[in-house]
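As a plain string of letters, each chain reads:
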Amino acid sequence: MMENSALYAKYKALAQQESKILFGGRLGEYKYYDVDAVIAAAPSTVKAIQ
C-alpha cells in the first residue's frame, strides 16, 4: 500500500505541472471508485473548474 501512495505522489507532482489537462476520476486520483459515483460527481467537477 505504501508503494502505491509513493507512486501516486509522483504522478500527482507531474500532473500539477500540466496547465491544460484535468486529471480526475478513478485514474486521475489513483483510487478505486464505483463508476456510478464518478459519473455522479462529474457535473460538480466541471462547475468547479469553469
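What counts, and at which threshold
Residues numbered from 1 in each chain as written. Predicted model: local features only at pLDDT ≥ 70, side-chain atom pairs only at ≥ 80, totals over all residues. Heavy atoms only, no water. Helix = DSSP H or I, 4+ residues; strand = E, 2+ residues; numbered from the N terminus. Rg over C-alpha atoms; globule rule 2.2 N^0.38 Å. Buried < 20%, exposed > 50% of the residue type's maximum accessible area, 1.4 Å probe, protein only. Contact = heavy atoms within 4.5 Å. Patch = residues over 30% accessible without salt bridge, like charges linked within 9 Å, V, L, I, M, F, W, Y side chains within 5 Å. Areas by Shrake-Rupley, 256 points an atom, 1.4 Å probe, with all protein chains shown as cover. Salt bridge = Lys/Arg side-chain N within 4 Å of Asp/Glu carboxyl O. pLDDT = per-residue confidence, 0-100.

1. As for the overall build of the chain
Here comes step 1: Looking only at helices and strands, one finds 3 helices and 0 strands in the chain.
Here comes step 2: Moving toward the C terminus, one meets the helices and strands of the chain in the order α-α-α.
Here comes step 3: Relative to the compact-globule value of 10 Å for 50 residues, the chain shows a C-alpha radius of gyration of 12 Å, a clear excess of over 25%.
Here comes step 4: Overall, the C-alpha framework of the chain stretches about 30 × 25 × 10 Å when taken along its three principal axes.
Here comes step 5: Within the span of the chain, comprising 50 residues, buried residues form 2% of the whole.

2. Description of the environment of phenylalanine 23
Here comes step 1: Following the sequence through the fold, phenylalanine 23 ends up in the loop between helix H1 (2-15) and helix H2 (25-29).
Here comes step 2: Given the relative accessible area of 44%, phenylalanine 23 is considered partly exposed.
Here comes step 3: As a C-alpha pair, phenylalanine 23 and alanine 40 span 17 residues in sequence and 16 Å in three-dimensional space.
Here comes step 4: Apart from the residues within four sequence positions on either side, phenylalanine 23 is in contact with Ala15, Glu18 and Gly28.

3. A few points about a nonpolar patch on the surface
Here comes step 1: Taken together, Leu7, Tyr11, Leu14 and Tyr30 make up a surface patch of nonpolar side chains, about 380 Å² in accessible area.
Here comes step 2: Take tyrosine 30: it is sitting in the loop between H2 and helix H3 (35-49).

4. Points about the confidence of the model for the chain
Here comes step 1: Mean pLDDT for the chain: 84, with 98% of residues reaching 70 or above.
Here comes step 2: Taken element by element, the chain is modelled with least confidence in H2, mean pLDDT 78, and with most confidence in H1, mean pLDDT 87.

5. Considering the environment of glycine 28
Here comes step 1: Assignment of secondary structure puts glycine 28 in helix H2.
Here comes step 2: The spatial distance from the C-alpha of glycine 28 to the C-alpha of tyrosine 11 is 9.0 Å, given a sequence separation of 17 residues.
Here comes step 3: When sequence neighbours within four positions are dropped, the list of residues in contact with glycine 28 reads Tyr8 and Phe23.

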